[in-house]
Amino acid sequence: MHPARPFRETDIATLVARARAHPFALVCATDGTRIHAAHAPVLLDETDGAPVLRFHLSAANAVTAALMTGSRALIVFTGDHAYVSPDWYGQDDQVGTWNYLSVEAEGPVTPLDDTGATRLLDDLSDLFEAGLAPKPAWTRAKMTPGRFEAMLPGIRAFSLAPARFEGITKLGQNKPQPARDGVITALSDREDGIAIANHMRKLTS
């Protein structure tokens, strides 16, 4: 987490929307000696307004082993981001930085049984296959009978109800508006900067 308090994001609706928009996350855990990390698609549900995250990893992954022995998990979602050149501020003695959006979810995990793991995998394929329309959606019904069940022991699925759920909205809030306007203009002319420029505009308006 960035230490500057103006960038700290705690609005639950904002964090949920951001995590759902960028669901391929970094899952971290420790075995007491080393910190391990793995990338995984993470689904975010809400139960009575509180976020609940579901994900799966290979059974052979070091993160899985750490989680199965009681490690808490830290899940990091990286949202839109862009480099900011000091030239764009129109001010002297500035330095380069990075504007970005992120979410962190931390807490103990609960292993899911085969039924919960199957439901997670079905929900993942439903979500991401829908984004490929008009391609007919893939479902596990297309698999050879018994093949899915044979593959299922190769993964471990988990849910996490975060004890800590917060993020960073670093969009130059610590700069005067003319400097921010210069950054917005410059980023708007770059394909890799348009998304952050739009976030900066929304924060200004």
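Presented here is an overview of the structure given in this document.

Reading the values: rules and limits
- Residues numbered from 1 in each chain as written.
- Predicted model: local features only at pLDDT ≥ 70, side-chain atom pairs only at ≥ 80, totals over all residues.
- Heavy atoms only, no water.
- Core = buried A, V, L, I, M, F, W, Y, C linked by side-chain atoms within 4.5 Å.
- Buried < 20%, exposed > 50% of the residue type's maximum accessible area, 1.4 Å probe, protein only.
- Contact = heavy atoms within 4.5 Å.
- Phe/Tyr/Trp six-rings, centres within 6.5 Å; stacked < 30°, edge-to-face > 60°.
- Helix = DSSP H or I, 4+ residues; strand = E, 2+ residues; numbered from the N terminus.
- Lys NZ or Arg CZ within 6 Å of the ring centre and 35° of its normal.
- 1 Å grid on protein atoms, 1.4 Å probe; cavity = no way out; pocket = protein on both sides within 12 Å on 5 of 7 lines; lining within 4 Å.
- Points joined across faces, edges and corners; volume = space filled by probe spheres on them.
- Nonpolar A, V, L, I, M, F, W, Y, C, P; charged D, E, K, R; others polar.
- Arc of directions from axis to C-beta.

Some points on the nonpolar core
So, point 1. If you look at the biggest cluster of nonpolar residues, it comprises 25 residues, and the most contacted ones within it are L53, F55, L67, I75 and F77.
So, point 2. F77 has contacts with A19, H22, P23, A25, V42, L53, L101, S102 and V103, leaving out every residue within four places of it along the chain.
So, point 3. Judged by nonpolar contacts, the second largest core, of twelve residues, contains A82, A179, I196 and A197.

Quick notes on the packing of aromatic side chains
How two aromatic rings sit relative to each other is given by the distance of their centres and the angle of their planes.
So, point 1. One pass over the full model with this rule turns up two aromatic pairs.
So, point 2. With 5.8 Å between their ring centres and 55 degrees between their planes, Y83 and W98 make a pair best called tilted. Of this pair, Y83 sits in strand β6 (residues 73-84) while W98 sits in strand β7 (residues 97-107), placing them 15 residues apart in sequence.
So, point 3. Take Y83: its relative accessible area is 42%, and that puts it in the partly exposed class.
So, point 4. Lying over the aromatic face of F148, R140 brings its terminal NZ or CZ to 4.8 Å of the ring centre.
So, point 5. The ring of F7 has K170 lying over it, and the distance from NZ or CZ to the ring centre is 5.5 Å.

So, empty space enclosed by the protein
So, point 1. Per the stated rule, a full pass over the model turns up one cavity of 30 Å³ or more.
So, point 2. Volume-wise, the largest cavity comes out at about 30 Å³.
So, point 3. Residue contributions to the lining of the largest cavity peak at three residues, all from helix α5 (residues 177-188).
So, point 4. Grouping the constituent residues of the lining of the largest cavity by class yields five nonpolar, two polar and two charged.

As for helix α1 (residues 12-21)
So, point 1. When α1 is considered as a whole, its buried residues turn out to be L15, V16, R18 and A19. All buried residues of α1 project into a common sector of 165 degrees when viewed along the axis, lining one side. The exposed set on the far side of α1, more than 90 degrees from its buried face, consists of A13 and A21.
So, point 2. At its buried positions, α1 is contacted by β1 (8-9), β4 (43-47), β6, β7 and β10 (164-170).

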